Amino acid sequence: AGKVEFRDVHFSYDPNRKILKGVSFEVPAGKTVAIVGPSGAGKSTISRLLFRFYDIQSGAVLIDGQDVRDVTQESLRAAIGMVPQDTVLFNDTIAYNIRYGRVGASEEEVRKAAELAQIGSFIERLPDGYRSMVGERGLKLSGGEKQRVAIARTILKAPPILMLDEATSALDSHTEQEIQAALDLVSRGRTTIVIAHRLSTVITADEIIVLKDGQIAERGTHAELMLKH
Ligand code: ADP
Ligand code: ADP
């Protein structure tokens, strides 16, 4: 389960300016589709429409053949895991921040997820900028560590669909590779939409869609797109 479809989607935030101009693509269950393109092309808008933060003007967004307009916000949130560019952590322990992925998960499950994401050693600490009731300062987390918290959260949640919106773009290239490897593990077997700036970061996607000015300019595997350029 977890097939995602955009069918001739037209969308604008305000009536004078079209953002998506007939976007159609399909992500078969368990496959990975990457959406690349310049800033402002409409990539993040696609992610917001999958969550139905906004209603489209025409076309349809479907999950397993069901129009997202007929799905509750709660079910959408449960079905889709999101790793954004910058993960914002709540004023509570890292463990609590991970448990947010599946409220009701046991301590053991949280610890396991943290270990898989390689942040098992500091999950009882608060994040940077916060202070505990006994005055202990929050732990300063690097960008990569924050993304690992988001990854642990997603491991715990185990959603059928994964949305990675520039999840590694704020990291230095060494950390980017490490986090990319962790994300590859999490996305295995899940329907995954990767939003990225550059082709070079999405080499293994089953299909790459190049979005320009709200339209699909090109599509194909990485090898196919490289041949054309
Ligand atoms: P990308 O992710 O490819 O950089 P976005 O989907 O974020 O592009 O944005 C596409 C266009 O829509 C941009 O020009 C952006 O300024 C505009 N936009 C994004 N969000 C809003 C909004 N809430 N209201 C109006 N315009 C928006
Ligand atoms: P990013 O691509 O880093 O996600 P965006 O440009 O999409 O950043 O926008 C960040 C936030 O600001 C989004 O929540 C979006 O709704 C809002 N936003 C972006 N562009 C506009 C705009 N032109 N008018 C109003 N809100 C906007």
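Residues numbered from 1 in each chain as written. Chains lettered and ligands numbered in written order. Predicted model: local features only at pLDDT ≥ 70, side-chain atom pairs only at ≥ 80, totals over all residues. Heavy atoms only, no water.

Things to note about the sheet that holds strand S10 (residues 215-220)
Then comes step 1: Ordered in space as S6-S7-S8-S3-S9-S10, the 6 strands form an open sheet in which the pairing is mixed. With partners counted over all chains shown, the strands left at the sheet margins are strand S6 (80-83) and S10, one partner each. Taking each pair of neighbouring strands and ignoring which way they run, the sheet shows an average axis angle of 20°.
Then comes step 2: Pairing analysis gives 5 bridges linking strand S3 (residues 32-36) to strand S8 (residues 191-196), with the strands arranged parallel. Bridge pairing in S8 places alanine 34 opposite valine 194.
Then comes step 3: On top of the sheet, helix H5 (residues 143-157) reaches S6 and strand S7 (161-165); it is set at about 170° to S6, its chief contact. (Pairing = 2+ DSSP bridges. Helix = DSSP H or I, 4+ residues; strand = E, 2+ residues; numbered from the N terminus. Axes fitted to C-alpha atoms, helices over the stretch in contact; angles between N-to-C directions. Contact = heavy atoms within 4.5 Å.)

A word on the site of ligand 1
Then comes step 1: Close to ligand 1 lie 13 residues, the nearest being Arg17, Gly40, Lys43, Ser44 and Thr45.
Then comes step 2: Threonine 45 places a side-chain nitrogen or oxygen 2.5 Å from an oxygen atom of ligand 1.
Then comes step 3: Surface burial for ligand 1 is 67%, taken as the share of its 560 Å² of free accessible area covered by protein chains.
Then comes step 4: Along the lines of polarity and charge, the residues of the shell around ligand 1 split into 5 nonpolar, 5 polar and 3 charged. (Near = heavy atom within 4 Å. Polar contact = N/O pair within 3.5 Å; in protein donor to acceptor, adjacent residues only side chain to side chain. Areas by Shrake-Rupley, 256 points an atom, 1.4 Å probe, with all protein chains shown as cover. Nonpolar A, V, L, I, M, F, W, Y, C, P; charged D, E, K, R; others polar.)

Digging into the confidence of the model for the chain
Then comes step 1: Residue-level pLDDT values for the chain average 94, and 100% of them are 70 or greater.
Then comes step 2: What the predictor reports for the complex is a pTM of 0.86 with an ipTM of 0.70. (pLDDT = per-residue confidence, 0-100.)

Looking at empty space enclosed by the protein
Then comes step 1: Using the criterion set out here, one finds 1 cavity of 30 Å³ or more in the structure.
Then comes step 2: What the largest cavity holds in volume is close to 60 Å³.
Then comes step 3: Lining the largest cavity, in full, are Leu49, Arg52, Tyr54, Asp55, Ile56, Val61, Asp67, Val68 and Arg69.
Then comes step 4: Looking at the lining of the largest cavity, its residues break down into 5 nonpolar, no polar and 4 charged. (1 Å grid on protein atoms, 1.4 Å probe; cavity = no way out; pocket = protein on both sides within 12 Å on 5 of 7 lines; lining within 4 Å. Points joined across faces, edges and corners; volume = space filled by probe spheres on them.)

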